[in-house]
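Single-letter residue listing:
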Amino acid sequence: DESVVAIEIIFDEQSELNWWDALTFYSDANVQNQFKQFWGVPNDGSMHNLVIPGNAFSFYFNVGSASGKYGFKFTATPLTTVPETAPGCTQGCKSCDGPEMGQCNECLVGWLAFDGSCFESCPDGSFLRSVADCGACPNGCKSCKKNESTRCDVCLDEYNETVPGHCSLTACFMPNDAEVQEFSSMDYILVETVHPYCVNNKKVMSYTFTAPGVYAIQIEFSDNTLINWFDRLAFSYDEQAHDVIEDFSGYANGGRVRDLEIPGNSFYLTFEAKSAYGKYGFDFSATPLSDSPLQCGAGSFFTGEGCEACDPTCATCNDASPIGCLSCEKNTAFYQGSCFESCPPNTFKAEAGFCENCSPACATCEGPQENHCLSCLVDLLLVDGVCVLHCSGNTYEQDGVCEHCDPSCESCDGPSDQNCLTCSSDLVSYQGACLAGCPSNTYGIFDRCENCHEECASCNGNSDSQCLSCNGGRVLTNGRCLSGCPSQSFNNSGVCQPCDPSCASGCTGPDETQCITCPTGEFAYNGSCHAECPDGTYVDLPTTCADCARGCKDCSRYPPDSCEECLEGYHFIGSRTCGDEACITPEGNQVVIDTLEPLVIETLHPYCPSNLIEQFYSWTHPDITGLQVTFSEESKTWYYDPLYFSRDYDRADVIQQFTDGELSNFTTDSTAFYLRFSTNSGSKKYGFHITVLPLTGDIDSDDQCPHGHSMHGESCVETCPDGTYQATPSTCEDCPFGCKKCRSGEEGTCLECADGFFEIRNRICGSTPCLSPPEDVTIIESLDPVTIESLHPYCPSKVFEQHYSWTHPEVIGLQVTFSDDSEIWYYDTVYFGRDSNGNDIIRAFTDGDLANFNID
């Protein structure tokens, strides 16, 4: 309906998407112009009402869950006007109590209500609670989820996440206040955590005892010390915690700690708070030790009584165990009081030979960050150096690693461009591949291509009635591909189209002038039906008209000399032949030439029939010894128009004669000739253009015979022998194959066949006896094509009659197709009829031209 300007989409309140589902709306019917997309992940599975501009929409639903409890339901209502904000209200408001924010009573469809105002999407501090409104997140929260509305995802800028999922204006605290502390007395100090901690905070503290004689510091933890799984408490000699004395990480030690003795008078304390849970924390005492111990050499330590050797793996140590090392030998790595040839699992070798912890999810790594993993813990997958629970985006799982899909895929299950599961919005999916468009023999449906029915070359659906074009020479009608067009239709470039209603059965085109057969009592001419044959035509068959010769109004047959009456503007120019120009005759009858320049002689068209052109040409220049006569290529005389060149007026001494329409160049030693041309045709297509060149010097007579003889091969004969004909007054040429006597060398001019040869066609001789056609009734029961061909040669005036009948119950008509090399002579006829006596003719060919057609 052209009055529709928008469409209102109202969701059912129970509509919900799963985590990986996606529902996308488009503002057109072809899934092209994206209007709104709802994702399970960022939208928390929720959707809200919409108003889509225009009178069409489409949607694409990507189902990632397949769970029965998820899904959606909506109603689509056409609108003839676009909903507008009420006057005096804030944007998106349908009714209000005033112009300020917070005074709206009801929002327009497609807008979301929150705290008395309307929004296109939920503002900071709120979440999508229903299809039409937003709910408030906890205090200090910038964003939260519908299903966990009491837990904060992101805090506002001035708030801190002191407990996971909760925001507070409370400042973050870490152990003690100063980052560097020095103590001059020998008294112990207490170090303890002060809650709350901000999530992902890190604190590094330095403790130094400056009293003389301090050789070590005793660390003793209280019993309630417990480190969270992702928290880290480390003692080291440097600020970067490379030279680690002891590392108490929650995931490595189960949250437990132990007392230790730190050699020297200072240490660094590093605490990384990832959890911010109040039940976790630590407190310990640090007591300086000052007994002025004996200085032991490398590889040994002071026991309080003397020096003792370190474990062989240590360079220096504070006890003899493998975990009492303080430093390591070259080419080994130090980690938590021990020396290793290679760093232990979940650690990596950093600068200065220290092993540092990998990110908690890594099994092995090349650095401390979460994207430095080389392999992952059990049940985790590696993608671009990060360990994750599931492969997402354009990656797929293979041997514990998320490998990237081919660039053409949006998601996939393998590496090639044939392993795509979904495609980007500008591509379509077909058999695992993402393509710019659907290939042939397929059709598009949303974002994928499906195969057409096997009979279709193109289609808009998968059934055999949804074809747009056809395969293998079949034709399209009403969405189906058939072997031929039904009755009352014709094949137009592979598509069946209806004939004009005036056609009795079948046609070659849509107009009334393109009928094949006419109703009983009417005549077919140029594809249309007539009560009688129009002027300029004659009754060729019982139901068809054919053209008379040019200019003829009434004739009994086609040849030009059969006209009974000329059309207006034409007149008889020959016996029963019409023309539109007056007859012309040459002027004068004697021409004398005294130069050596070529002379051009040409006929003047048209000539009236039975005119006689007689002209005498004489060259008087003393140097002339003969003449060379040359015909132009377009020169042509009619069969009954004779042309003579002779030395005398009465043609007793003929130089050259042309009596069969064939012209050829010649040379003569005569310097004059009579030209005689009898014009019996009166047709403009006949005539000649002659160039006569005067010759000087000797005339080449090697190919000339004495006067009264003719050249045959290399001999001169008085009479042309059998199998030859008098081509010119001085030459004999061969007749066509098998001829004893003939008029010319062209096929169809034989007058008598040689011994052993037969007249197989009109004036054509062959060595094979005449053949007759097979039985006259042929029954065909199948739907297979049938080939019908003539049996050559036939003797002249033979009639070939054959009856063909198709009896298969599904046959509704026939399609007749001639091969490209099919040809019949002008006076041969081919009829297709429903009876044997020619009364009910389907199609007739009488002028040598053949054309394909259909029969019902």
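Presented here is a report on the structure given in the accompanying data block. Numbering of residues starts from 1 in every chain and runs along the sequence as written. A pLDDT threshold of at least 70 governs which residues receive local features in this predicted model, and a stricter bar of 80 or more applies before side-chain atom pairs are shown or counted, although totals over entire chains, interfaces and linings include all residues. Just so you know, side-chain values use all the structure's heavy atoms and leave hydrogens and water out.

## What to know about the packing of aromatic side chains
To keep it simple, the criterion reads: Only Phe, Tyr and Trp rings take part, Trp by its six-membered ring, and two of them pair if their centres are within 6.5 Å. Stacked means planes under 30 degrees apart, edge-to-face means over 60, and tilted covers everything else. A run of DSSP states H or I qualifies as a helix once it reaches four residues; a run of E qualifies as a strand once it reaches two. Both are numbered from the N-terminal end. Burial here depends on accessible area, computed with a 1.4 Å probe over protein chains only, as a share of the maximum for the residue type. Under 20% is buried, over 50% is exposed, and the range in between is partly exposed.
Scanning the entire structure with this criterion turns up 37 aromatic pairs. On the numbers, 6.0 Å between centres and 90 degrees between planes, the contact of Phe11 with Phe25 is edge-to-face. Here Phe11, found in strand E1 (residues 6-11), pairs with Phe25, found in strand E2 (residues 22-26); they are 14 residues apart in sequence, far enough to count as distant. Assessed through its relative accessible area of 0%, Phe25 is described here as buried.

## Some words on the sheet that holds strand E20 (residues 216-221)
To summarise the sheet geometry, strands pair through backbone hydrogen bonds and adopt either a parallel or an antiparallel arrangement. Stated precisely, the cut-off is as follows: When DSSP finds two or more bridges between a pair of strands, those strands are recorded as paired. Axis definition: a line fitted to C-alpha atoms, over the contacting stretch in the case of helices. Angles run 0 to 180 degrees between N-to-C directions.
Ordered by their spatial adjacency, four strands build an open sheet running E18-E25-E20-E23, and the pairing between neighbours is antiparallel. Strand pairing shows two members of the sheet lacking a second neighbour, strand E18 (189-192) and strand E23 (260-263), which therefore form its edges. Within the sheet, the average angular offset between the axes of one strand and its neighbour, ignoring direction, is 25 degrees. The pairing of E20 with E23 spans four bridges and is classified as antiparallel. What sits directly across from Gln218, in E23, is Glu261.

## Section: the sheet that holds strand E68 (residues 689-696)
Strands sit in the order E61-E68-E63-E66 across an open sheet of four strands; the sheet is antiparallel. With partners counted over all chains shown, the strands left at the sheet margins are strand E61 (599-602) and strand E66 (666-668), one partner each. Shown here is a sheet whose adjacent strand axes are inclined to one another by a mean of 25 degrees, direction ignored. Strand direction decides the pairing type here: strand E63 (residues 624-631) and E66, joined by three bridges, are antiparallel. Bridge pairing in E66 links Leu627 to Thr668.

## Notes on the environment of Arg480
Note the threshold: In what follows, a contact means two residues having at least one pair of non-hydrogen atoms within 4.5 Å. Under this definition, polar contacts are N or O atom pairs within 3.5 Å; protein pairs additionally need one hydrogen-donor-capable and one acceptor-capable atom, and for neighbouring residues in sequence, both atoms have to be side-chain atoms.
Residue position: Arg480 is located in strand E49 (residues 480-482). Judged by its relative accessible area of 38%, Arg480 falls in the partly exposed class. Here the alpha-carbon distance between Arg480 and Cys456, two residues 24 residues apart in the chain, equals 8.0 Å. Not counting residues up to four positions away in its chain, the partners in contact with Arg480 are Asp464, Ser465, Cys470 and Val475. Polar contacts involving the side chain of Arg480 include one to the side chain of Asp464, which spans 2.9 Å.

## As for the pattern of salt bridges
Test applied: Only one rule defines a salt bridge in this text: a Lys or Arg side-chain nitrogen within 4 Å of an Asp or Glu carboxyl oxygen.
Per the counting criterion, the structure on display carries 14 salt bridges. Its salt-bridge partner being Lys94, residue Glu106 comes within 3.8 Å of it at the nearest N-O pair. In this pair, Glu106 is assigned in strand E8 (residues 104-107) and Lys94 in strand E7 (residues 93-96), connecting sequence segments 12 residues apart. The exposure class of Glu106 is partly exposed, given its relative accessible area of 40%. A relative accessible area of 47% means that Lys94 is categorised as partly exposed. Between Asp653 and Arg647 there is a salt bridge whose closest N-O contact spans 3.3 Å. Among the charged side chains, a salt-bridge network with shared partners connects Arg647, Asp653 and Asp669.

## Notes on the state of the cysteines
Note the cut-off: The disulfide definition used here is simple: a pair of cysteine sulfur atoms within 2.5 Å.
According to the stated counting rule, one finds 31 disulfides in the structure shown. Here Cys452 pairs with Cys459 through a disulfide, and the sulfurs are 1.9 Å apart. Since a negative S-S torsion denotes a left-handed disulfide, the Cys452-Cys459 link at about -85 degrees is left-handed. We note that Cys452, like Cys459, is buried. The residue that forms a disulfide with Cys470 is Cys481, at a sulfur-sulfur distance of 2.1 Å.

## Thoughts on the environment of His803
The topology assignment puts His803 in strand E78 (residues 803-806). Put simply, His803 and Arg834 are 31 residues apart on the chain and 9.3 Å apart in space, counted from C-alpha to C-alpha.

## Section: unusual backbone geometry
You will see that Asp379, though not glycine, has its phi angle at about 75 degrees, which is positive. Residue position: Asp379 is located in the loop between strand E35 (373-376) and strand E36 (381-383). Using a relative accessible area of 68% as the deciding quantity, one classes Asp379 as exposed. Non-glycine residue Asn478 carries a positive phi angle of around 55 degrees. Tracing the chain through its elements places Asn478 in the loop between strand E48 (475-477) and E49.

## As for the nonpolar core
How we decide: Residues enter a nonpolar core if they are buried and are Ala, Val, Leu, Ile, Met, Phe, Trp, Tyr or Cys, with the set joined through side-chain atoms within 4.5 Å.
Core analysis: the largest hydrophobic core is formed by 25 residues, its most contacted members being Ile219, Leu233, Phe235, Phe267, Leu269 and Phe284. Breaking this core down by element, the ones donating at least two residues are E18, strand E19 (201-209), E20, strand E21 (232-236), strand E22 (244-249), E23, strand E24 (266-273) and strand E25 (283-289). Take this core: its biggest share by element is four residues, from E24. Other than its neighbours up to four places away in sequence, Leu233 contacts Phe221, Ile227, Glu246, Asp247, Phe248, Leu269, Thr270, Phe271 and Phe282. Of all hydrophobic cores here, the second largest spans 21 residues; its members include Ile613, Ile624, Phe645 and Val692.

## Overview of the environment of Leu567
Within the secondary structure, Leu567 sits in the loop between strand E57 (563-566) and strand E58 (571-574). In this structure, the C-alpha to C-alpha distance between Leu567 and Asp535, residues 32 residues apart in sequence, is 8.3 Å.

As far as function goes, none of this settles anything; it's purely spatial.
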